[in-house]
Amino acid sequence: MHSVDEPMEQEGFFELPWVEKYRPKILSDVVGNTETVERLKVIAKDGNMPNLLLTGTPGIGKTTSIVCLARELLKEHFSECVLELNASDDRGIDVVRNRIKSFAQKKVHLPPGVHKIVILDEADSMVVGAQQALRRTMEVYSATTRFALAANLSSKIIEPIQSRCAMLRYTRLSDEDVTRRLVEICKEEKVGYNAKGLEAVVFTADGDLRQGINNLQATFSGFGYINTENVFKVCDQPHPLVIKCILEFCIQGKLQDAIQAIMGLWHQGYSSLDIITTLFRVIKFMEVEDSTKLAFIKEIGQTHMKILDGVESQLQFAALMARLTKLSFSEGQLKAMAI
């Protein structure tokens, strides 16, 4: 067992990463997912915590919410009555049988209606055997211990555990939520920035606040100022304006220019996944007809699936450019070209 309290920052010895330094301590400080956090506040107020399963993409506050809830429920008993197992811990059946079971058996004096809490981060990475053992442990020690599981994919959690938990779904944070939090950190750390630079950080975060804070700190540490050029140098992602230009070439029917531009990104060393995800994110916000946008998203999505399957050749991107260019022509234009 180890405490989830954060280490004390000692001047001259080390400096906490901003993502830890500005991690919320209470539920009221958690950013985004307002309705879900409100449900947790009700649990904290009433004091009757069920087993919980929090699902959603990384960096949106699942584990932080659980720790805040545990801190508000247990108060001064927090350090001795919380067991947190994170992604670096072994998730085999022995962990459930030994560490979790021994913690659940431990005798502690708590107020009536308050329970010890086991926090399992990345619970969807547990093997099925360990989940089966956990199901039994949850059942046997339900009178003294509550379990809070955080998972990226609820489908990887076995049904018997899902049925024993109240499920709370977290969604990606809005750009407004991420921006507001980043501005607060900039003021605290006296970070110089311009509006376009902050927009670039929010773009690279894509709803993941943890990623956004890390990118903000990395850019500030490297260049001392947050602007678009510095952000994309640090984050090493294709610049959205370059991607937008490629998509405009496709819409205008300039196939050769589009292929040349996307091959330029390829030869600069950007990964196939970075290129395809940036294409998707840029087309979502481009001002084009809805029918064109939907058709583009469909083609980009299909190419994304092929890349995830391991087909990452240059031919894949050239074919995508050809398909997107073809979509931009009407049927009459295509017939005229064929003639």
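- Going by what an unreviewed UniProt entry lists, the protein is known as Replication factor C subunit 4 and is assigned to Entomophthora muscae.

### Thoughts on the sheet that holds strand 2 (residues 82-85)
Pairing between the strands of a sheet is mediated by backbone hydrogen bonds and can be parallel or antiparallel.
So, step 1. Ordered by their spatial adjacency, five strands build an open sheet running 2-3-4-1-5, and the pairing between neighbours is parallel. The open sheet has two free edges, formed respectively by strand 2 and strand 5 (166-169), since each of these has just one partner strand. Averaged over all pairs of adjacent strands, the angle between strand axes in this sheet comes to 15 degrees, irrespective of strand direction.
So, step 2. Pairing geometry for strand 2 and strand 3 (residues 116-120), over four bridges, is parallel. Bridged to L83 within strand 3 is V118.

### A few points about helix 14 (residues 272-285)
So, step 1. Between its first and last C-alpha atoms helix 14 spans 21 Å; for 14 residues at 1.5 Å apiece the expected length is 20 Å, and the two agree.
So, step 2. Buried residues along helix 14 sit against helix 9 (195-205), helix 12 (240-251), helix 13 (255-267), helix 15 (290-308) and helix 16 (314-327).

### A short note on the confidence of the model for the protein
So, step 1. The predicted model of the protein has a mean per-residue pLDDT of 85, with 91% of residues at 70 or higher.
So, step 2. The secondary structure element of the protein with the lowest average pLDDT is helix 17 (residues 331-338), at 47, and the one with the highest is strand 1 (residues 52-55), at 93.
So, step 3. Counting interchain partners and residues more than four positions distant, the pLDDT-below-50 stretch residues 1-13 has 29 contacts.
So, step 4. Note that residues 334-339 has pLDDT below 50 and, in this model, three contacts with residues that lie over four places away or in other chains.

### Overview of the state of the cysteines
So, step 1. A full pass over the atoms with the stated rule returns zero disulfides.
So, step 2. With no disulfide partner, C68 has as its closest neighbouring cysteine sulfur the one in C81, 18 Å distant.
So, step 3. Residue C186 stays outside any disulfide, its sulfur separated by 13 Å from that of C235, the closest cysteine.
So, step 4. Residue class for C186 comes out buried when judged on its relative accessible area of 2%.

### Describing the pairing of strand 4 (residues 145-151)
So, step 1. Across the seven residues of strand 4, seven count as buried, placing the element largely inside the fold.
So, step 2. Relative to strand 4, strand 1 runs parallel, the two sharing four bridges. Residue pairing for strand 4: T55 is matched across the bridge by A151.
So, step 3. Where strand 3 lies against strand 4, five bridges are found, and the strand directions are parallel. Residue I117 lies in a different strand from strand 4, and its bridge partner there is R146.
So, step 4. For the handedness criterion, the β-α-β arrangement of strand 3, helix 6 (residues 128-140) and strand 4 is classed as right-handed.

### Re the environment of G61
So, step 1. As for its placement among the helices and strands, G61 is situated in the loop between strand 1 and helix 3 (62-74).
So, step 2. Along the backbone, G61 and E184 are 123 residues apart, and their C-alpha atoms lie at a distance of 17 Å.

### Some points on the packing of aromatic side chains
So, step 1. Taken as a whole and assessed by the stated rule, the structure comprises three aromatic pairs.
So, step 2. With 6.1 Å between their ring centres and 65 degrees between their planes, W266 and F317 make a pair best called edge-to-face. With W266 in helix 13 and F317 in helix 16, this residue pair connects regions lying 51 residues apart in the sequence.
So, step 3. Since its relative accessible area comes to 24%, W266 is described here as partly exposed.
So, step 4. Here R71 stacks its cationic end above the ring of F78, 4.8 Å away from the centre of that ring.

### Examining unusual backbone geometry
So, step 1. Here K75, not a glycine, exhibits a phi torsion of approximately 50 degrees, which is positive.
So, step 2. With respect to the secondary-structure elements, K75 resides in the loop between helix 3 and helix 4 (78-81).
So, step 3. Classification of K75 by relative accessible area gives exposed; the value is 57%.
So, step 4. Look at E122: it is not a glycine, yet its phi comes out positive at around 55 degrees.
So, step 5. Mapped onto the elements of the fold, E122 is located in the loop between strand 3 and helix 6.

### Regarding the packing of helix 2 (residues 34-46) against helix 3
So, step 1. Taken N-terminus to C-terminus, the directions of helix 2 and helix 3 make an angle of 20 degrees; their axes are 9 Å apart at the nearest point. In terms of their interaxial angle, helix 2 and helix 3 are classed as roughly parallel. Where helix 2 crosses over helix 3, the two elements pack in a sense that is right-handed. Between helix 2 and helix 3, the residues in contact are L40, I43 and A44 and S65, L69, E72 and L73, respectively.
So, step 2. Residue classes in the contact of helix 2 with helix 3 are distributed as five nonpolar, one polar and one charged.

The rules behind the values
- Residues numbered from 1 in each chain as written.
- Predicted model: local features only at pLDDT ≥ 70, side-chain atom pairs only at ≥ 80, totals over all residues.
- Heavy atoms only, no water.
- Pairing = 2+ DSSP bridges.
- Helix = DSSP H or I, 4+ residues; strand = E, 2+ residues; numbered from the N terminus.
- Axes fitted to C-alpha atoms, helices over the stretch in contact; angles between N-to-C directions.
- Expected span 1.5 Å × (residues − 1).
- Contact = heavy atoms within 4.5 Å.
- pLDDT = per-residue confidence, 0-100.
- Disulfide = S-S within 2.5 Å.
- Buried < 20%, exposed > 50% of the residue type's maximum accessible area, 1.4 Å probe, protein only.
- Right-handed = clockwise from strand over helix to strand, strands pointing away.
- Phe/Tyr/Trp six-rings, centres within 6.5 Å; stacked < 30°, edge-to-face > 60°.
- Lys NZ or Arg CZ within 6 Å of the ring centre and 35° of its normal.
- Parallel < 35°, antiparallel > 145°, perpendicular 65-115°, else oblique.
- Left-handed = near helix turned anticlockwise from the far one by under 90°.
- Nonpolar A, V, L, I, M, F, W, Y, C, P; charged D, E, K, R; others polar.

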